[in-house]
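A structural walkthrough
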Amino acid sequence: MPTFTAPDGTRLAYHPVGDGEPLICLPGGPMRASAYLGDLGGLAKRRRLVLVDLRGTGDSGVPADPATYRCDRQVGDVEALRVRLGLERIDLLAHSAAGDLALLYAARHPRRVRTLTLVTGRARALGVDFTTEQRLEAADLRAGEPWFASAREAFGRVWDGSATDADFDTATPFFYGRWDAAAEAHAAGEVGQTNEAAAEVYASAGAFDPEVARAALSGWDARVLVLAGERDGGPTPRVAAGIAELFPHAQLVVQEGAGHFPWVDDPGRFTETVDTFLGGG
């Protein structure tokens, strides 16, 4: 397992998977170990995935200062990895909450990013967030599912702050395009892979300055893929379209039938979409 040293001395781990040109992959959660990304639906057959365990997760070390879990304070970790890999410019993929980390990295080091792939990515760094109403609107599209009634009640409690651990478990199907054995197996690792204390710090006060980040990226020349799930509530396809509009060279793709983990819902379609984009197609 290869490691590198963060600017503050924390030892961080990454996991190379597959062959080909490197694609640095930042996991979401926030602060979930990269193991849940797997081989991204077979994308590792076409690119060498560099799966990063963010500080305090997976095989990476715990920092001396918990304040460094804040998203903007992890930008230096990404740059340290780029240097460790000896890459002049990087292809960067970020899932979910890691979208913010990738965007902050791009804002600070715009010339170091060749392409950015946001997979159901968050963009609080640019002032875009998801509302409870949007999440519930997406959830209600699943009314025909056999698990809907009990899950919908639990999902409402998740977003009004009254949920129990059992409610989180019951509401999990809403995060997948289809609730089958593959989705259940994928979801089972979430709790054990997440550093909850670090997640509380990740987007805490001071992490984002959207005006500054937008200004830094306003004339950015990198190509950007914004990949949304048709059934995802965070972001909904409509919100994802708004994120794509913030970049000069962005492409929006809405994966049909997908939720928050599109490589689990339809690996073939996901892989083809990302590989085509990375190849410039």
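As a reminder, the structure under discussion sits directly above these lines.
Below: a short report on this structure. (Residues numbered from 1 in each chain as written. Predicted model: local features only at pLDDT ≥ 70, side-chain atom pairs only at ≥ 80, totals over all residues. Heavy atoms only, no water.)

A few points about the sheet that holds strand β3 (residues 22-26)
In space, the 8 strands of this open sheet follow the order β1-β2-β4-β3-β5-β6-β7-β8, with mixed pairing throughout. Each edge of the sheet is formed by a strand with only one pairing partner; in this case those strands are β1 (3-5) and β8 (250-255). Pairwise comparison of adjacent strand axes, ignoring direction, gives a mean angle of 25° for this sheet. Bridge count between strand β7 (residues 223-229) and β8: 6 bridges; the pairing is parallel. Bridge pairing links L227 to V253 in β8. Running over the sheet, helix α1 (residues 75-85) touches β1, β2 (11-17), β3, β4 (48-53) and β5 (90-95) and is turned about 120° from β1. Sheet contacts for helix α12 (residues 267-278): β3, β5, β6 (113-119), β7 and β8; angle to β7, the most-contacted strand, approximately 165°. (Pairing = 2+ DSSP bridges. Helix = DSSP H or I, 4+ residues; strand = E, 2+ residues; numbered from the N terminus. Axes fitted to C-alpha atoms, helices over the stretch in contact; angles between N-to-C directions. Contact = heavy atoms within 4.5 Å.)

Concerning the packing of α1 against helix α2 (residues 98-108)
Contact geometry for α1 and α2: axes closest at 9 Å, N-to-C directions at 70°. Regarding the angle of α1 to α2, the classification is roughly perpendicular. Between α1 and α2, the residues in contact are V75, G76, V78, E79 and R82 and L101, L104, Y105 and R108, respectively. Of the residues in the contact of α1 with α2, the class split is 5 nonpolar, 1 polar and 3 charged. (Parallel < 35°, antiparallel > 145°, perpendicular 65-115°, else oblique. Nonpolar A, V, L, I, M, F, W, Y, C, P; charged D, E, K, R; others polar.)

Focus: the state of the cysteines
Tallied over the full model, the rule gives 0 disulfides. Sulfur of C25: no disulfide; nearest cysteine sulfur belongs to C71 and is 17 Å away. (Disulfide = S-S within 2.5 Å.)

Looking at the nonpolar core
One finds L26, L103, L116, W220 and F247 to be the most contacted residues of the largest nonpolar core, which totals 51 residues. Broken down by element, this core gets its largest block of residues, 8 residues, from α2. In contact with F247, not counting residues within four places along its chain, are L103, L118, L126, L217, W220 and V224. In terms of nonpolar packing, the next biggest core, distinct from the first, is built from 24 residues, V119, A183, V264 and L278 among them. (Core = buried A, V, L, I, M, F, W, Y, C linked by side-chain atoms within 4.5 Å. Buried < 20%, exposed > 50% of the residue type's maximum accessible area, 1.4 Å probe, protein only.)

Some thoughts on the side chain of D100
Relative to the assigned elements, D100 resides in helix α2. Looking at D100, its side chain comes within polar contact range of the side chain of R122, at 2.8 Å. In contact with D100, other than residues within four places in its own chain, are C71, R122, A123, R124, A125, Y202 and F208. (Polar contact = N/O pair within 3.5 Å; in protein donor to acceptor, adjacent residues only side chain to side chain.)

Quick notes on α2
Burial analysis of α2 places 10 of its 11 residues in the buried class, which makes it a mostly covered element. Among all positions in α2, only A98, G99, D100, L101, A102, L103, L104, Y105, A106 and A107 are buried. Residues of α2 that are buried make contact with β3, α1, β5, β6, α8 (196-202) and α9 (210-217).

Looking at the packing of aromatic side chains
A full pass over the atoms with the stated rule returns 13 aromatic pairs. Pairing F261 with W263 gives two aromatic rings, centres 5.7 Å apart and planes at 85°, and the pair type is edge-to-face. You'll find F261 and W263 in the same group, each marked buried. Feature note: the residues Y36, Y176, W179, F261, W263 and F270 constitute an aromatic cluster, connected by ring pairs. Taking NZ or CZ as reference, R223 lies 4.6 Å from the ring centre of F277, over its face. (Phe/Tyr/Trp six-rings, centres within 6.5 Å; stacked < 30°, edge-to-face > 60°. Lys NZ or Arg CZ within 6 Å of the ring centre and 35° of its normal.)

Overview of the pairing of β4
Counting buried positions along β4 yields 5 of 6 residues, so the element is predominantly enclosed. Where β2 meets β4, 5 bridges bridge the pair, whose relative direction is antiparallel. Bridged to Y14 within β4 is V52. Summarising the sheet, β3 and β4 pair through 4 bridges and their orientation is parallel. In the sheet register, L23 faces β4, and the bridge partner there is L49.

Some points on unusual backbone geometry
Omega for the bond connecting G29 with P30 falls within 30 degrees of zero, at 0°, which places this linkage in the cis form. Here P30 is to be found in the loop between β3 and β4. In this structure, P235 follows G234 across a cis peptide bond, with omega equal to 10°. With respect to the helices and strands, the residue P235 is situated in the loop between β7 and α10 (237-244). Although it is not a glycine, L40 adopts a positive phi angle of roughly 50°. L40 gets classed as buried once you look at its relative accessible area, which sits at 1%. In this structure, T120 takes a positive phi of about 40° despite not being glycine. If you trace the backbone, T120 turns up in the loop between β6 and α3 (132-139). T120 gets classed as buried once you look at its relative accessible area, which sits at 1%.

Any link to function would need more than the numbers given here.
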